[in-house]
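Now for the letters of each chain:
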Amino acid sequence: MEYVIPAPPVTSLRVVGSDAQFPVRRIYCIGRNYAEHAIEMGHDPNKEPPFFFQKNPDNILPEGKPFPYPAKSEDVHFEVELVVALKTGGSNIPVERAMDCVYGYGIGLDMTRRDLQGEAKKLGRPWEIGKAFEHSAPCGPLTPADKVGRIEDGSITLEVNGQLRQKGDINQMIWKIPEMISYLSDYFVLAPGDLIMSGTPSGVGAVKKGDRLVARVDRVGEFAVTVE
Ligand code: MN
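Numbering of residues begins from 1 in every chain and follows the order in which that chain's sequence is written. Thresholds applied to this predicted model are a pLDDT of at least 70 for local features of residues and 80 or more for the giving and counting of side-chain atom pairs; totals over whole chains, interfaces and linings are not thresholded and use all residues. Excluding hydrogens and water, the side-chain values take into account all heavy atoms of the structure.

- Going by what an unreviewed UniProt entry lists, the chain is known as Fumarylacetoacetate hydrolase family protein and is assigned to Alsobacter sp. KACC 23698.

## Quick word on the overall build of the chain
(1) Moving on: Secondary structure assignment for the chain yields 6 helices and 17 strands.
(2) Moving on: Here the globule rule reads 2.2 Å times residues to the power 0.38, and the radius of gyration is calculated from C-alpha atoms. Taken against the 2.2 N^0.38 rule, which gives 17 Å for 228 residues, the C-alpha radius of gyration of the chain at 17 Å falls within 12% of a compact globule.
(3) Moving on: The C-alpha extent of the chain, read off along each of the three principal axes, is 45 × 40 × 35 Å.
(4) Moving on: Put simply, the chain has 228 residues, and 50% of those count as buried.
(5) Moving on: Sequence-distant contacts in the chain: of pairs separated by 6 or more residues, those separated by 24 or more amount to 76%.
(6) Moving on: The Shrake-Rupley method, run with a 1.4 Å probe, gives the accessible areas here. Residue values count only the displayed protein chains as cover. Per element, the accessible surface of the chain, about 11100 Å² overall, is 51% carbon and sulfur. We count a stretch as a helix when DSSP gives it H or I for four or more residues in a row; a strand needs E for two or more, and each element gets its number in order from the N terminus. Whether a residue is buried, partly exposed or exposed follows from its accessible area with a 1.4 Å probe, protein chains only, as a fraction of its type maximum: under 20%, in between, or over 50%, in that order. Only heavy atoms matter for contacts: two residues are in contact if any of them lie within 4.5 Å across the pair.

## Here's the deal with the nonpolar core
(1) Moving on: Working definition of a nonpolar core: buried Ala, Val, Leu, Ile, Met, Phe, Trp, Tyr and Cys residues. They are joined through side-chain atoms within 4.5 Å. Of all hydrophobic cores here, the largest spans 46 residues; its most connected members are Leu 82, Val 102, Tyr 105, Met 111, Ile 177 and Ile 181.
(2) Moving on: By size, the runner-up hydrophobic cluster in this structure holds 17 residues, among which are Leu 13, Cys 29, Cys 139 and Leu 195.

## So, the UniProt feature "domain: Fumarylacetoacetase-like C-terminal" (unreviewed entry) in the chain
(1) Moving on: UniProt positions are given in the numbering used here, feature names are shortened, and annotations may be inferred rather than shown by experiment. Feature annotation in UniProt places "domain: Fumarylacetoacetase-like C-terminal" (unreviewed entry) on residues 27-227, given in this structure's numbering.
(2) Moving on: The annotated region residues 27-227 carries 19% helix and 33% strand content, and the separation between its end C-alpha atoms amounts to 22 Å.

## Looking at the packing of aromatic side chains
(1) Moving on: Pairs were defined over the aromatic rings of Phe, Tyr and Trp, the Trp ring being its six-membered one, requiring ring centres within 6.5 Å. Orientation was assigned from the angle between planes: stacked under 30 degrees, edge-to-face over 60, tilted for the rest. All told, the structure shown has 6 aromatic pairs when counted by the stated rule.
(2) Moving on: A centroid spacing of 5.5 Å and a plane angle of 50° characterise the contact between Phe 53 and Trp 127, whose relative ring orientation is tilted. Separated by 74 residues along the polypeptide, Phe 53 in strand S4 (residues 52-55) and Trp 127 in the loop between helix H3 (114-123) and helix H4 (128-131) bring together distant segments of the chain. For the pair Phe 53 and Trp 127, one class covers both residues: buried.
(3) Moving on: An aromatic cluster is present here, built from Phe 51, Phe 53 and Trp 127 joined pairwise through their rings.

## Thoughts on the environment of Pro 50
(1) Moving on: Relative to the elements of secondary structure, Pro 50 occurs in the loop between helix H1 (35-40) and S4.
(2) Moving on: Along the primary structure Pro 50 and Met 180 are separated by 130 residues, whereas in three dimensions their C-alpha atoms are 8.0 Å apart.
(3) Moving on: When neighbours within four sequence positions are excluded, Pro 50 is seen to be in contact with Ile 30, Trp 175 and Tyr 183.

## Remarks on the pattern of salt bridges
(1) Moving on: Any Lys or Arg side-chain nitrogen found within 4 Å of a carboxyl oxygen on Asp or Glu counts as a salt bridge. Summed over the entire model, instances satisfying the criterion amount to 10 salt bridges.
(2) Moving on: In this structure, the salt-bridge partner of Asp 194 is Arg 25, at a minimum N-O distance of 2.9 Å. Placement of Asp 194 in the loop between helix H6 (177-187) and strand S14 (195-197) and of Arg 25 in the loop between strand S2 (21-23) and strand S3 (27-30) is noted, with a sequence separation of 169 residues between them.
(3) Moving on: Judged by relative accessible area, which is 0%, Asp 194 ranks as buried.
(4) Moving on: Here Lys 131 makes a salt bridge to Glu 79, at a shortest N to O gap of 3.4 Å. Placement of the pair is Lys 131 in helix H4 and Glu 79 in the loop between strand S6 (76-78) and strand S7 (80-86), with a sequence separation of 52 residues. Judged on exposure class, the residue Lys 131 and its partner Glu 79 are both buried.

## Some details on the side chain of Glu 81
(1) Moving on: Tracing the backbone through its elements, the reader meets Glu 81 in strand S7.
(2) Moving on: Neither His nor the chain termini are counted; the positive set is Lys and Arg, and the negative set is Asp and Glu. For Glu 81, which is buried and forms no salt bridge, the nearest opposite charge comes from Lys 131, at a distance of 5.7 Å.
(3) Moving on: Counting of polar contacts relies on pairs of N or O atoms within 3.5 Å, with two restrictions inside protein: one atom must be capable of donating a hydrogen and the other of accepting it, and residues adjacent in sequence are counted only when both atoms are side-chain atoms. Looking at Glu 81, its side chain comes within polar contact range of the main-chain nitrogen of Gly 199, at 2.9 Å.
(4) Moving on: If sequence neighbours within four positions are ignored, Glu 81 has contacts with Gly 106, Ile 107, Gly 108, Asp 110, Ile 156, Met 197, Ser 198, Gly 199 and Thr 200.

## Remarks on the sheet that holds strand S13 (residues 163-169)
(1) Moving on: Two strands pair if DSSP finds at least two bridges between them. In space, the 4 strands of this open sheet follow the order S13-S12-S16-S17, with antiparallel pairing throughout. Strand pairing shows two members of the sheet lacking a second neighbour, S13 and strand S17 (221-226), which therefore form its edges. Taking the axes of each pair of neighbouring strands and ignoring which way they run, one obtains an average angle of 15° across the sheet. Convention adopted: a line fitted to C-alpha atoms gives each axis, helices being fitted over their contacting stretch, and angles between N-to-C directions are expressed from 0 to 180 degrees.

## Some remarks on the pairing of strand S8 (residues 102-109)
(1) Moving on: Counting buried positions over the 8 residues of S8 gives 7, a clear majority of the element.
(2) Moving on: Relative to S8, S7 runs antiparallel, the two being bridged by 7 bridges. Paired with Ala 85 across the bridge in S8 is Gly 104.
(3) Moving on: The pairing of S8 with strand S11 (residues 143-144) spans 2 bridges and is antiparallel.

Here's what the structure looks like:
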């Protein structure tokens, strides 16, 4: 195949224990999936249908690269999240079969231009301007599920400059991983390479240049980013 312009590169993530990379197709992100975070954002955490937004695959900032403070915002927030990577997909996937789709797990940051997101919410506009900007998805390497099993609980934390800022447990997710996969597959055709960012516990806050963020998830490991 010959293209009239250079073909865009495929974004990929390192896989722990492998020389091969995981290619990224789409990034789905769930909103308000931990009750205490829903409350801190001014919402009722009662179990309403989930809602999702997307980031672009090329928004991923791979490990080892600094996060450049983005343009047009004075209130850029961190949100630590467990990332679920899919090896298969489809439509109308039942909850009981959803975990068969999971390739592995990673640790990601759903970086957010909170001021722009807030304006968009107020005006009933889409969220991309606050969520899907350049480098807005720092993401560490993936750990295959066949190495760690199903992740249904375990601590998820974020430290900023050595201070604990976010702390939760994966078992506090309102919508569990198989439920998210099943729900998404009713509305979209899921496919190998899709990532799901599974929501953030409470404690989100603003970053400033020079901050060092260290995210940890039990059994998945640790992922660090510096704001530049
Ligand atoms: Mn988030």
